[in-house]
Amino acid sequence: MKKALVLFLLAATFIQAQDATRFAEEVEAVQKKYDTLWDSSKETTVFTGSSSVRIWHNLEESFPKHQIVNSGFGGSQASDLLAYTNELILRYKPKKVFIYEGDNDISAGKDSKVILSDISRIISKVREQNQAVKIVLIAAKPSIARWNLKRSYKRLNRKFKKMSKKDADISFADVWKPMLDGRKVKQDIFIEDGLHMNAKGYEIWYDAIKPFLE
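In this text, all values refer to a predicted model and were calculated from it rather than measured experimentally.

## Focus: the overall build of the protein chain
Inference 1: When its secondary structure is counted, the protein chain shows ten helices and seven strands.
Inference 2: Its C-alpha radius of gyration of 17 Å places the protein chain within 12% of the 17 Å reference for a compact globule of 214 residues.
Inference 3: Structurally, the protein chain occupies a C-alpha span of about 55 × 40 × 35 Å along its principal axes.
Inference 4: Across the 214 residues of the protein chain, 50% fall into the buried class.
Inference 5: Taking as baseline every contact in the protein chain between residues at least 6 positions apart, the subset at least 24 positions apart corresponds to 75%.
Inference 6: Accessible surface, the protein chain: about 11,200 Å² in total, of which carbon and sulfur atoms supply 52%.
Inference 7: Between the centroid of the 36 positive side chains of the protein chain and the centroid of its 27 negative side chains there is a distance of 9 Å.

What follows is the structure, encoded as structure tokens:
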């Protein structure tokens, strides 16, 4: 039974990775944007991952002292970022990388072990280019739309935190706790879909992430 489960998870991961081509146009658009904006002579910080990063529209302006590349691509999972690590991370030779993946993975029914495996492979690829790169894993956020999956998200975040404790060059940015009001998720920090954040939500992210940049 266990063997069958492992084979199913491996097959699901393979299918997802193969389907990463659905993001080809979006990834190309990110590259074209930074062909003119990115200055290779300056130290670079990359923020990447799914739509919560992609639609952080004032990300660069929020941290004006840093050259930031926002290579988020909507709807992505960790396996998709793994497929595009070269185009979305390595291309910019970053000194620091913020990764937000796991949100869509959990929603798609992926086990946290599969997500951690993909994240570990991404980190390994980044370190092949530069061993000194600092990695910041952004916690999977709570949301109104996916509150029924909160236990799975909390389990994944515990694993992210554990990973950061084992590696001095990996940090864990906890956006989960500040997005809560007691034991419930705050209701006024999301747009109409109950999943993506409004300006108030991104203010929380800014406060949680700022210590890892400044």
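Don't stop here, the text continues.
## A few points about the packing of aromatic side chains
Inference 1: In total, this model carries 15 aromatic pairs according to the counting rule given.
Inference 2: Aromatic pair W38 and Y92: ring centres 5.3 Å apart, planes at 85°, arrangement edge-to-face. Taken together, the positions of W38 in the loop between α2 (24–37) and β1 (44–49) and Y92 in the loop between α6 (85–88) and β3 (96–100) put the pair 54 residues apart, joining distant regions of the chain.
Inference 3: Ring centres 6.5 Å apart and planes at 15° place the aromatic pair F47 and F63 in the stacked group. Here F63 lies in the loop between α4 (59–62) and β2 (67–70) and F47 lies in strand β1, a separation of 16 residues in the sequence. F63 matches F47 in its accessibility class, with the two residues each being buried.
Inference 4: One aromatic cluster in this structure is built from F47, W56, F63, F98, Y100, Y202, W205 and Y206.

## Structural notes on the sheet that holds β2
Inference 1: The five strands lie next to each other as β2-β1-β3-β4-β5, forming an open sheet whose pairing is parallel. Of all the strands in the sheet, the pair left with one neighbour each is β2 and β5 (170–173). Sheet twist, expressed as the mean angle between neighbouring strand axes with direction ignored, is 20°.
Inference 2: The strands that helix α9 (residues 150–166) touches are β4 (134–138) and β5; relative to β5, the one it contacts most, it runs at about 145°.

## Quick notes on the pairing of β1
Inference 1: The element β1 is extensively covered by neighbouring structure, given that six of its six residues are classed as buried.
Inference 2: Of the two faces of β1, both are covered, the one formed by T44, V46 and T48 as well as the one formed by T45, F47 and G49.
Inference 3: Here β1 runs beside β2; their pairing, made up of four bridges, is parallel. Paired with V46 across the two strands is V69, which belongs to β2.

## Section: α2
Inference 1: With 14 residues, α2 extends 20 Å between its outermost C-alpha atoms, agreeing within 8% with the 20 Å of an ideal straight helix rising 1.5 Å per residue.
Inference 2: Those residues of α2 that sit buried are V27, V30, Q31 and Y34. Down the axis of α2, the sector holding all buried residues measures 95°, keeping them to one side. Opposite the packed face of α2, turned more than 90 degrees from it, sit the exposed residues E25, K32 and T36.

## Focus: the nonpolar core
Inference 1: Counting 63 residues, the largest nonpolar core has F47, I119, I135, W205 and I209 as the members making the most contacts within it.
Inference 2: Counting residues per element, this core draws most heavily on helix α8 (residues 112–129), at six residues.
Inference 3: If we skip the residues at most four places from it in the chain, F47 touches V53, W56, L59, I68, V69, N70, S71, G72, F98, I209 and L213.

## Some points on α9
Inference 1: Between its terminal C-alpha atoms α9 stretches 25 Å, which fits the 24 Å expected from 17 residues at 1.5 Å a residue.
Inference 2: Regarding α9, the residues found buried are Y153, L156, N157, F160, M163 and S164. Each buried residue of α9 lies within a common arc of 115° when the element is viewed along its axis, so the set occupies one face. Exposed and facing more than 90 degrees away from the buried side of α9 are R151, R158, K162, K165 and K166.
Inference 3: Against α7 (103–107), α8, β4 and β5 lie the buried residues of α9.

Rules and cut-offs
Residues numbered from 1 in each chain as written. Predicted model: local features only at pLDDT ≥ 70, side-chain atom pairs only at ≥ 80, totals over all residues. Heavy atoms only, no water. Helix = DSSP H or I, 4+ residues; strand = E, 2+ residues; numbered from the N terminus. Rg over C-alpha atoms; globule rule 2.2 N^0.38 Å. Buried < 20%, exposed > 50% of the residue type's maximum accessible area, 1.4 Å probe, protein only. Contact = heavy atoms within 4.5 Å. Areas by Shrake-Rupley, 256 points an atom, 1.4 Å probe, with all protein chains shown as cover. Lys, Arg positive; Asp, Glu negative; His and termini not counted. Charge placed at Lys NZ, Arg CZ, Asp CG, Glu CD. Phe/Tyr/Trp six-rings, centres within 6.5 Å; stacked < 30°, edge-to-face > 60°. Pairing = 2+ DSSP bridges. Axes fitted to C-alpha atoms, helices over the stretch in contact; angles between N-to-C directions. Expected span 1.5 Å × (residues − 1). Arc of directions from axis to C-beta. Core = buried A, V, L, I, M, F, W, Y, C linked by side-chain atoms within 4.5 Å.

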